[in-house]
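# Tertiary structure, described
If you want the building blocks of each chain, they are given just below.
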Amino acid sequence: MNTARRETIKTLLNAKPFVSLHELEEMFPHVSSMTLRRDIEYFEVQGEAIKVRGGARSMKFITTSMEDAFNQRLHENIPAKDRIAEQAIKYIETGRSIFIDSGTTMMRLAVVIPDERLTITTTGPNIAIELLKKNQPIVNIVGGMLNRDNISVSGNQALRFLNDFNIDVAFITPSGTSLHNGLTSGNYTECELKKMVIEKARKVVVLMDASKLDKILPYTFCNLADIDIIITDKDLPEDITNEAIANDVEIIIA
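Residues numbered from 1 in each chain as written. Predicted model: local features only at pLDDT ≥ 70, side-chain atom pairs only at ≥ 80, totals over all residues. Heavy atoms only, no water.

A few words on the packing of aromatic side chains. Tallying each qualifying case throughout the model produces 3 aromatic pairs. Centroid distance Tyr 42 to Phe 43: 5.1 Å. Interplanar angle 75°. Geometry classified as edge-to-face. Against the face of Tyr 42 rests Arg 6, its NZ or CZ located 4.2 Å from the ring centre. Between Lys 194 and the ring centre of Phe 221, over which it is positioned, the NZ or CZ distance is 5.2 Å. (Phe/Tyr/Trp six-rings, centres within 6.5 Å; stacked < 30°, edge-to-face > 60°. Lys NZ or Arg CZ within 6 Å of the ring centre and 35° of its normal.)

Structural data, given as structure tokens:
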């Protein structure tokens, strides 16, 4: 192991969001591509990078979410979020395996979920704590890297954890929604986790208040064709409504 080389790569990862393998090959012409790939794998194990095609993405930049501070959003649109949550619990059946996304709307859902025999998996530590106030649900919390901005867990460890779970109904919330860009998130690793959940779930229920409409964040985790139900507090824009209808997505106005 060349400590000086890895210190140089670490400096690059702290300075820029993406470091390409080609860039490293030019910096270290006497080092094999295989060795440089092992260096990237080393930083992935350390939680400082994610190995991607052609190089590595820096976790320093990935974890810098573009979303508003969680605590600020927690006190916004509370009546709308409560109405959405009340509609959402109609899709919860005793004995089912449920996934609950992170976010402030999901906190309201956690409050009103009935105290019944359910297996609930969540990426939100605060949501898990709220669910523990009930006696009957089994609560699983995903392990991994904790995002300060929205109190959610994501990353490679979280993906490995979820890979072993079957999901009947997944409750998902976007940070932004538009027709062209679909449902978006401000955090890359969280986006990858949402993708996996949507692929695994039998039914996908999206909860979003009107503040998420026509708001676009960097990472798309699904399109309207990938979901089953949207629960929101106001009529959706005509283009989104038409696309939802075309894809048999049920729209519920709470």
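The next point concerns the sheet that holds strand E15 (residues 250-253). Spatially, the 7 strands line up as an open sheet ordered E6-E5-E4-E9-E12-E14-E15, and their pairing is parallel. Unpaired on one side and paired on the other, strand E6 (138-141) and E15 mark the two borders of the sheet. Taken pair by pair, the neighbouring strands of this sheet meet at an average axis angle of 20°, ignoring direction. (Pairing = 2+ DSSP bridges. Helix = DSSP H or I, 4+ residues; strand = E, 2+ residues; numbered from the N terminus. Axes fitted to C-alpha atoms, helices over the stretch in contact; angles between N-to-C directions.)

Under the counting rule described, the total for this entry stands at 12 salt bridges. Here Lys 51 ties to Glu 41 by a salt bridge, and the two come within 3.2 Å at their closest N and O atoms. With Lys 51 in strand E2 (residues 49-52) and Glu 41 in helix H3 (residues 33-45), this residue pair connects regions lying 10 residues apart in the sequence. Take Lys 51: its relative accessible area is 40%, and that puts it in the partly exposed class. Residue classification places Glu 41 among the partly exposed positions, given a relative accessible area of 34%. Across the pair Arg 202 and Asp 168 runs a salt bridge whose closest N-O atoms are separated by 2.6 Å. (Salt bridge = Lys/Arg side-chain N within 4 Å of Asp/Glu carboxyl O. Buried < 20%, exposed > 50% of the residue type's maximum accessible area, 1.4 Å probe, protein only.)

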